[in-house]
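Chain and residue survey
The residues making up each chain are set out below.
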Amino acid sequence: MPELDVSDVDQFTNGRLSEGDDNVARLLAAALQAARRHCGWSVNPVVTDFAVTLDGPGSRILTLPTRKLADDGLTSLTEDGTVIDLSTVRWSAGGPPGIMERPISVRKKSNGWWLPHYQCIDVVMTHGYTDEEAADWRYAVLSMVDQMGQMLTTGRSELDILSKKVDDVTYRWADPYANANGEGILYGFDSIFCNYKLP
């Protein structure tokens, strides 16, 4: 499936956050950016022919900014202007979220070293988790948008409640300025995002 969009938010919130509301698009963009920044890479959806320039590690291991390559996901690899024959390298397998807490690594079959120069390696790859593999990540992002929408309309999020008593109504809220930048919402879903995070 494609990137999460405002129609997903509308469906997730049963229309409370309408896809026609410009604020919803802004909230979703902010939630996706915060989640991806926290994880250190795009996570979902699968991105085809993603191009990135990396610093040479000056070691035998080249670390890619991803935790999941698609089958035959490495499309091209160039080192200091020289195209590397992909049959001369191997890369780590990756795996389901949470199982492997390290990024994809690439080694030369010759056991040779990668150059140590800045911006000397260009990579094109197809990477990311499918919607099924990242279902909890997508749910967490939509939940963040929902919580941010509550803060936008009421100034409070359900995550700010310190205690709640239904009969005889006792509510106790956290300091409204403690999480003014929305970090409380992001870290409310940290246990999910940690399964996708680059070290």
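Here is a short report on the structure shown in this document. (Residues numbered from 1 in each chain as written. Predicted model: local features only at pLDDT ≥ 70, side-chain atom pairs only at ≥ 80, totals over all residues. Heavy atoms only, no water.)

Regarding the sheet that holds strand 2 (residues 62–63)
The strand order 2-6-5 describes an open sheet built from three strands, whose pairing is antiparallel. One side of each edge strand has no neighbouring strand; the edge strands of this open sheet are strand 2 and strand 5 (89–91). Note: strand 2 against strand 6 (residues 105–108), two bridges, orientation antiparallel. Along strand 6, the bridge assignment pairs Thr63 with Ser105. (Pairing = 2+ DSSP bridges. Helix = DSSP H or I, 4+ residues; strand = E, 2+ residues; numbered from the N terminus.)

A few points about the nonpolar core
Soluble, globular proteins show a tendency: their nonpolar side chains are buried together. Of all hydrophobic cores here, the largest spans 27 residues; its most connected members are Trp137, Val141, Phe193 and Tyr196. Mapped by element, the contributors of at least two residues to this core are helix 2 (22–39), helix 3 (135–154) and helix 5 (190–193). The greatest single-element share of this core, amounting to eight residues, is contributed by helix 2. Not counting chain neighbours up to four residues away, the residues in contact with Trp137 comprise Leu32, Ala35, Arg36, Cys39, Ser42, Val43, Asn44, Ile192, Phe193 and Tyr196. Grouped together as the second largest cluster of nonpolar side chains are 16 residues, Val52, Leu62, Leu69 and Val123 included. (Core = buried A, V, L, I, M, F, W, Y, C linked by side-chain atoms within 4.5 Å. Buried < 20%, exposed > 50% of the residue type's maximum accessible area, 1.4 Å probe, protein only. Contact = heavy atoms within 4.5 Å.)

Let's talk about the environment of Phe193
Residue position: Phe193 is located in helix 5. Residue class for Phe193 comes out buried when judged on its relative accessible area of 0%. Each C-alpha atom of the pair Phe193 and Trp137 lies 6.5 Å from the other, and the pair is 56 residues apart in sequence.

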